[in-house]
Amino acid sequence: MDADLFFTLLTITGIAGAVSAVALRKKERVCATVSFGAAALSTLFGTFVAILVLTGSPMSIQLPFDTPFGHFGFALDRLGAFFLLVISVVSFAVSIYSIGYSKEYDGKYSIGLLGLLFNLFLLSMTFVVSASNAIFFLIVWEAMSLTSYLLVVYENRKEGVASSGLLYVVMTHLGTTLIMVALIMMGLYAHSYDFSAYSGVGVLMSSALKSTLFVLLFIGFGSKAGIIPLHVWLPYAHPAAPSNISALMSGVMVKTAIFMLIRTLFDFLGVTDTWWGLLVLMVASITALLGVMYALMETDIKRVLAYSTVENVGIILIGLGAAMVFESYNLDLLAGLALIATLLHVMNHAFFKTTLFMGAGSILFATHTKDMEKLGGLARRMKWTAILFFIGALSIAAIPPFNGFVSEWLIFQSLLQSYQIPDMMVKVLLPVVIAILALTGAIAAVCFVRLFGIVFLAKPRSEHAEQAKEVPKTMLVGSGIAALLCIVTGVFSFAIIPYVDQVTAPLVGASAASSIVNGFVISPTNDQFSTMSPFALVILIAIMVPLVILISKWYGGKRKTVVGDTWDCGTPLSARNQYTGTAYSNPLVRVFSYVYRPKPEVKTELTSSPYVKKKVSYAFVVVPVFEKYLYQPIATSMVTAARWISKIQAGSIQAYLAYIFITLVFLLIIFR
Amino acid sequence: MDQIYVDIVLSILQASFLLAIAPMVTGIIRKIKAYMQQRRGASIFQPYRDIAKYFHKDSVISRDTSWIFSITPYVSMAAVLIAALLVPVFVTRTLGFVGDLIVVVYLLGTVRFFTALAALDAGSAFGGMGSSREMMVSSIVEPTMLLSIFAMGLITGTTSLSSIASVLSISGINLVRPALFLASAAFLISTIAENARVPVDNPTTHLELTMIHEGMILEYSGKKLGLMELSSMTRLVLYFTILSNVFFPWGIANDLSAISIGAGLVTILVKVLFLALVIAVIESSISKLRLFRLPNLLTVSFILAVMAVMSFYIL
């Protein structure tokens with residue numbers, strides 16, 4: 001079968017889905033089924049395209065018209081196909097989930113609009129990874145930003161949504177500007193805006209220019225990916241969007257930025273300077289650690305997940321940074337190893353984060369709240385949602401043999417290989433990154449014990465949680481697909497790595513698969529160093545768990561189990577006696593008070609007697625460091641500057657005519 | 001192919017050995033502590049009797065718990081046993097290809113993940129308190145363990161447990177570097193913290209405000225309590241074994257001759273008993289630290305581990 005054909009089908013189905021959403025907008029359920037069904041079909045075609053390209057030859061389609069900037073069209077090599085595969089598979093699961101989830105909006109917001117934007121958003125992401133021309137890329141990149149912005153502000157009557165959207169659209173355009181400059185600059189050297197001409201354009205440039213472009217690209221794409229300190233929009237925008245959109249934005253949209261970073265740095269510019277990699281490593285370490293720390297103290301489920309996306313982008317970039325450092329020393333095999341680990345984590349994060357966001361959506365659907373202090377006891381009320389969410393939590397907490405563990409293990413191993421770097425200073429710096437990554441992983445585990453434990457276990461903390469019911473089947477099927485993939489990509493990672501290797505091999509110039517995978521055992525470049533086999537681990541688990549259960553049932557004979565109350569020291573327990581999310585993370589907030597700068601406020605209202613208190617209230621505030629110390633001063637100074645400039649706008653036409661005249665004279669003098 | 005069957009048999013033997021001596025080691029620690037407190041103390045075999053007793057009892061389960069609470073004892077026991085299969089005890093041949101030292105640390109992390117969740121499941125404040133504190137401690141201890149492992153990985157050129165043990169035990173004194181001692185000190189502190197021993201936690205207390213581990217398993221009874229107790233005893237011995245065989249593996253058998261295996265058995269027993277003595281002495285001579293003083297101790301071990309890795313390059 002032909003990849004071109006499927007790509008055309010993908011586009012047609014996507015557009016058909018968008019159009020039918022508008023046409024059928026009066027009949028909400030029909031509209032949801034048709035438009036999200038079309039999206040599912042379209043992403044299925046996308047999956048076919050990606051698999052065909054990954055196992056066969058590259059795809060290339062030219063649009064039948066010419067533009068001043070060269071031919072617009074689509075081209076997919078293995079790197080693009082890998083990202084298309086991740087995007088398509090995740091979007092397929094989310095599309096099915098959306099059929100049920102959109103019921104939440106029946107009669108409140110337009111389902112037609114949601115279906116339209118959803119389909120356009122999916123198409124724009126597909127086009128971003130397959131655009132063959134820099135200008136065309138910028139157009140679809142902008143389309144992706146705008147459709148996602150419109151989706152963020154979809155629930156426009158909710159408080160805070162409009163301002164979250166505004167923050168998002170400002171930050172993303174800041175990034176786009178830098179990307180535009182860098183891409184056009186490269187185009188000037190390549191004498192064409194076709195990406196095929198960009199390949200290797202770095203050799204034509206001076207070292208200083210290359211480094212400038214690197215910084216522009218890193219900031220530009222970094223702001224989309226959510227690196228700290230450019231992450232401020234992410235924890236607002238991702239949770240504000242409808243949950244199915246949050247899943248897509250966190251799961252795959254941020255990955256398009258990673259895709260372009262790999263493409264521009266490895267393919268176009270070529271990684272030559274070590275400090276590039278070190279800069280990426282430094283920013284990535286800060287992003288990972290601070291991301292997970294902020295996730296730990298959030299009580300809004302979706303914001304926890306959004307901050308954890310920041311963390312995982314950090315982990316992905318740690319892998320990428322390591323690959324860049326190795327590449328700059330021409331340690332091709334190790335660069336390959338690190339890049340494989342990076343891409344695996346890109347894929348794994350897409351799967352487990354969408355599982356979790358869909359789970360959060362299900363909670364929202366069933367209880368109408370995303371505040372974890374109002375939840376609890378959902379594991380007994382929404383059994384399947386709980387199990388699927390648990391799989392996502394196990395994966396993200398890097399519990400073996402789930403997929404998050406495999407990619408984290410590989411990133412650790414590639415960082416450990418740093419002893420092969422010839423430069424002493426770099427060698428000494430990399431253990432710090434290892435330490436930060438280890439700390440990040442440990443805190444992530446705390447974060448997800450807390451999230452799952454508070455939301456799903458023990459007694460419900462509100463009436464909404466008490467009356468929660470299991471969500472519709474389509475939603476379970478959608479998140480079930482993603483959860484299943486978390487397990488499959490972990491256990492069968494040994495079979496996936498050779499395909500990922502074919503993606504990275506052209507970029508780093510060395511194939512690493514033969515030295516990483518040996519049967520079903522994974523070993524980083526040489527099996528003397530270490531080996532690991534998730535597949536064998538599963539076999540051990542499959543033997544050991546039933547064995548333990550059987551022996552403990554047999555030994556001591558059959559014993560009764562009585563259901564009783566929780567030990568309450570004599571006073572009946574209520575839901576308010578339980579630990580809350582805030583209480584759970586409080587010890588760590590105190591340990592890391594330097595980062596959090598917590599400000600607990602205790603207010604006491606006294607009666608006439610100082611010994612009898614009328615009311616004691618406790619509030620706990622954490623200072624948003626970046627907002628306060630970085631963005632606030634910038635915003636204030638910009639507003640001041642704008643006020644100052646606005647003085648010349650007095651409103652009189654004569655004055656404006658004078659300005660025009662002065663400008664004209666001025667320009668004539670210069671450009672005479 | 002025969003090799004792998006030998007490896008399977010050997011690792012099953014070694015894991016069973018650890019499981020078998022685990023309650024005794026706990027009994028010995030208690031006995032030494034009793035002597036130091038001028039008491040006679042219970043027999044060192046008392047923990048076996050306790051566990052047998054638990055298995056013959058009915059259990060009470062809180063009505064608010066979910067499936068997490070029910071599966072946790074089985075998952076923790078199984079995860080500890082799988083970790084035990086990967087650790088060399090008296091001979092350097094195990095199922096090590098399945099996972100290296102990092103996998104072992106993450107398997108033990110799995111035990112913690114499930115236990116902390118089960119603690120939250122009954123909805124009592126003790127469980128929440130224990131769970132929250134346990135995760136605070138572990139968030140600093142787990143990176144410490146990983147880093148000290150990485151230091152060993154750099155010294156011996158491998159993170160696979162069997163290879164670390166055999167490389168060190170064969171090449172001997174040449175590989176002894178400052179990093180080795182820094183890393184082992186960091187790992188010892190981690191062992192104390194992870195196994196709920198003084199000064200991090202007190203295994204004998206049932207005082208609400210001080211307990212961590214005991215608070216987490218407060219709601220368990222009967223067979224499930226037996227499993228939880230047995231798995232934490234096995235976990236303690238497992239840490240002792242890692243500490244002995246990764247940092248000071250001399251004496252471990254590198255071949256299958258009767259003499260070296262016998263010597264391996266004797267040395268591991270001696271090392272484990274020595275560590276039990278160390279723990280007992282520490283527990284008898286210093287008091288438990290206040291909870292918010294703990295991070296100081298744990299960060300010291302974290303810094304030690306970072307220094308271990310860095311000093312490998314510098315010294």
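Residues numbered from 1 in each chain as written. Chains lettered and ligands numbered in written order. Predicted model: local features only at pLDDT ≥ 70, side-chain atom pairs only at ≥ 80, totals over all residues.

The next point concerns the overall build of chain B. When helices and strands are counted, chain B shows 11 helices and 1 strand. When its helices and strands are written in sequence order, chain B yields α-α-β-α-α-α-α-α-α-α-α-α. Relative to its length of 315 residues, chain B is compact, with a C-alpha radius of gyration of 19 Å against a globular reference of 20 Å. Along the first, second and third principal axes, the C-alpha set of chain B runs to 55 × 45 × 45 Å. Taken across its 315 residues, chain B has 64% of its residues classed as buried. (Helix = DSSP H or I, 4+ residues; strand = E, 2+ residues; numbered from the N terminus. Rg over C-alpha atoms; globule rule 2.2 N^0.38 Å. Buried ≥ 20, exposed ≤ 12 C-beta atoms within 10 Å, placed from the backbone.)

This part covers the overall build of chain A. In terms of helices and strands, chain A carries 26 helices and 7 strands. For chain A, the C-alpha radius of gyration of 27 Å lies close to 26 Å, the compact-globule estimate for 672 residues. Seen through its C-alpha atoms, chain A measures out along the principal axes to roughly 95 × 75 × 60 Å. Within chain A, the fraction of its 672 residues that count as buried is 55%. Across chain A, every contact between residues at least 6 apart in sequence was considered, and the portion connecting residues at least 24 apart equals 78%. (Contact = placed C-beta atoms within 7 Å.)

All names here are of chain B. It is the contact of helix α5 (residues 125-156) with helix α11 (residues 294-314), at a shortest axis distance of 8 Å, that shows an interaxial angle of 20°. On the basis of the axis angle, α5 is roughly parallel to α11. Along this stretch, α5 crosses α11, giving a crossing that reads as left-handed. Contacts between α5 and α11 pair Val137, Ile140, Val141, Pro143, Thr144, Leu147, Ser148, Phe150, Ala151, Leu154 and Ile155 from the former with Leu294, Pro295, Leu298, Thr299, Ser301, Phe302, Ala305, Val306, Ala308, Val309 and Phe312 from the latter. (Axes fitted to C-alpha atoms, helices over the stretch in contact; angles between N-to-C directions. Parallel < 35°, antiparallel > 145°, perpendicular 65-115°, else oblique. Left-handed = near helix turned anticlockwise from the far one by under 90°.)

On to the interface of chain A and chain B, then. Taken together, the 66 residues of chain A in the interface contact 71 residues of chain B. Looking at the side of chain A that touches chain B, the elements that each hand over two or more residues are α14 (378-381), α16 (403-416), α17 (424-456), α22 (534-554), β5 (561-564) and α23 (581-591) of chain A. Ranked by residues supplied to the side of chain A that touches chain B, first place goes to α17 of chain A with 15 residues.

The subject of this paragraph is unusual backbone geometry. At the junction of proline 400 of chain A and proline 401 of chain A, the peptide bond is cis and its omega measures out at 0° in the coordinates. Inspection of the secondary structure puts proline 401 of chain A in the loop between α15 (383-396) and α16. Following valine 198 of chain B, the chain continues to proline 199 of chain B via a peptide bond in cis, the omega torsion being 10°. One can find proline 199 of chain B in the loop between α7 (178-194) and α8 (213-216).

Turning next to helix α3 (residues 78-101) of chain A. The end-to-end C-alpha distance of α3 of chain A is 34 Å, a good match for the 34 Å that 24 residues give at a rise of 1.5 Å each. A large share of α3 of chain A lies buried, amounting to 24 of its 24 residues. (Expected span 1.5 Å × (residues − 1).)

Attention now moves to the confidence of the model for chain B. Detailed reading of predicted coordinates is not advised where the pLDDT is low. Scored by pLDDT, chain B has a mean of 89; 97% of the residues are at 70 or more. This prediction of the complex comes with two scores: 0.94 for pTM and 0.95 for ipTM. (pLDDT = per-residue confidence, 0-100.)

Here the focus is the environment of glycine 37 of chain A. All names here are of chain A. Mapped onto the fold, glycine 37 is located in helix α2 (residues 28-55). Owing to 18 C-beta atoms within 10 Å, glycine 37 belongs among the partly exposed residues under this scheme. On a C-alpha basis, the gap between glycine 37 and threonine 13 in space is 9.7 Å, while along the polypeptide they are 24 residues apart.

Let us now look at helix α12 (residues 301-328) of chain A. Residue and element names in this part refer to chain A. Over its 28 residues, α12 runs 41 Å from end to end, which matches the ideal 40 Å to within 8%, given 1.5 Å per residue. Burial within α12 is extensive, with 28 of its 28 residues counted as buried. Among the residues trailing α12, asparagine 330 stands out with phi positive, at a value near 60°.

Let us now look at the packing of helix α13 (residues 332-367) of chain A against α15 of chain A. Residues and elements named next belong to chain A. At a minimum axis separation of 9 Å, α13 and α15 run at an interaxial angle of 145°. The handedness of the crossing between α13 and α15 comes out as left-handed. Between α13, through Asn348, Phe352, Thr355, Leu356, Gly359 and Ser362, and α15, the contact on the second element is made entirely by Thr385, Leu388, Phe389, Ile391, Gly392, Ser395 and Ile396. Classifying every residue of the contact of α13 with α15 by side-chain character gives 6 nonpolar, 7 polar and no charged. (Nonpolar A, V, L, I, M, F, W, Y, C, P; charged D, E, K, R; others polar.)

This next bit is on the nonpolar core. Val49, Val86 and Ile340 of chain A together with Ala83, Leu147, Ala151 and Ala183 of chain B are the most contacted members of the largest nonpolar core, which totals 359 residues. Here this core gets 22 residues from one element, more than from any other, and that element is α13 of chain A. Excluding anything up to four places from it in sequence, isoleucine 340 of chain A contacts Leu410, Ile497, Val500, Asp501, Thr504, Ala512 and Ile516 of chain A. (Core = buried A, V, L, I, M, F, W, Y, C linked by C-beta atoms within 7 Å.)

On to the environment of phenylalanine 90 of chain B, then. All names here are of chain B. Structurally, phenylalanine 90 can be placed in the loop between α3 (67-86) and α4 (101-121). Owing to 23 C-beta atoms within 10 Å, phenylalanine 90 belongs among the buried residues under this scheme. With 49 residues separating them in the primary sequence, phenylalanine 90 and glycine 41 have C-alpha atoms 30 Å apart.

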